[in-house]
Amino acid sequence: MNFWTIIEITFTVIVIITSIWKAVRATIQLSKDKTLYPMILQYITEAEATGKSGPEKLGYVLVHIESFAKSKGISVDLVYIKDLIERIITVTKMVNIK
């Protein structure tokens, strides 16, 4: 084998390993989302009933999701959860307007 063939094979292996790693991470995240999503919706509904301000409602949901996740042994990225909550609220607002 010449030098360039070895470089091509090495590059190909790195790309394949990276792709597999990304797919595994996405699968793990999806399984977490399936567990947490119904609870997020429940806590959003509860927060809406409190009559608090937007940031207070968000805090309420985040605290409860973090507690729920800990009780289930799930590690959560609260920044990701916050983004997910904001996307849910945006979609809900668009549906309510229509």
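Refer to the structure printed above.
Definitions and cut-offs
- Residues numbered from 1 in each chain as written.
- Predicted model: local features only at pLDDT ≥ 70, side-chain atom pairs only at ≥ 80, totals over all residues.
- Heavy atoms only, no water.
- Helix = DSSP H or I, 4+ residues; strand = E, 2+ residues; numbered from the N terminus.
- Rg over C-alpha atoms; globule rule 2.2 N^0.38 Å.
- Buried < 20%, exposed > 50% of the residue type's maximum accessible area, 1.4 Å probe, protein only.
- Contact = heavy atoms within 4.5 Å.
- Core = buried A, V, L, I, M, F, W, Y, C linked by side-chain atoms within 4.5 Å.
- Salt bridge = Lys/Arg side-chain N within 4 Å of Asp/Glu carboxyl O.
- Patch = residues over 30% accessible without salt bridge, like charges linked within 9 Å, V, L, I, M, F, W, Y side chains within 5 Å.
- Areas by Shrake-Rupley, 256 points an atom, 1.4 Å probe, with all protein chains shown as cover.

Visitor: What is the right way to read the overall build of the protein from this model?
Guide: Scanning the protein from N- to C-terminus turns up three helices and zero strands. Helices (α) and strands (β) of the protein occur, in sequence order from the N terminus, as α-α-α. In terms of overall dimensions, the protein is more spread out than a globule: its C-alpha atoms have a radius of gyration of 20 Å, far above the 13 Å expected for 98 residues. Projected onto its principal axes, the C-alpha positions of the protein cover 70 × 35 × 20 Å. Buried residues in the protein amount to 19% of all 98 residues. Counting only contacts in the protein whose residues sit at least 6 apart along the sequence, the fraction spanning at least 24 positions is 57%.

Visitor: What is the right way to look at the nonpolar core in this model?
Guide: The tendency in soluble globular proteins is for nonpolar side chains to be buried side by side. With 17 residues, the main nonpolar core has Ile40, Val61, Ile65, Ile81 and Ile85 as its most contacted residues. Those elements that place two or more of their residues in this core are helix 1 (3-50), helix 2 (54-72) and helix 3 (78-97). Not counting the four nearest positions on each side in its chain, Ile81 is found in contact with Leu36, Ile40, Leu62, Ile65 and Val76.

Visitor: How should the environment of Met39 be read in this particular structure?
Guide: Along the chain, Met39 falls in helix 1. Separated by 26 residues in the primary sequence, Met39 and Ile65 place their C-alpha atoms 7.1 Å from one another. If we ignore the near neighbours within four places in the chain, the residues touching Met39 are Ile65 and Phe68.

Visitor: In this structure, what is going on with the pattern of salt bridges? I would like to understand it.
Guide: Opposite charge on two side chains lets them pair, provided their charged atoms get close. Counted according to the given criterion, the structure contains two salt bridges. Of the charged contacts in the structure, one is a salt bridge between Glu48 and Lys57, with a shortest N-O distance of 3.2 Å. According to the relative accessible area criterion, Lys57 is buried, its value standing at 18%. For Asp83, the salt bridge is made with Arg87, and the minimal N-O distance between the two is 3.2 Å. With Asp83 and Arg87 both in helix 3, this residue pair falls four residues apart, about one helical turn.

Visitor: Would you take a moment to explain a nonpolar patch on the surface for this structure?
Guide: Taken together, the side chains of Met1, Ile6, Ile9, Val13 and Ile17 define a hydrophobic patch exposed on the protein surface, amounting to about 520 Å² of accessible area. Relative to the assigned elements, Ile6 resides in helix 1. Judged by its relative accessible area of 42%, Ile6 falls in the partly exposed class.

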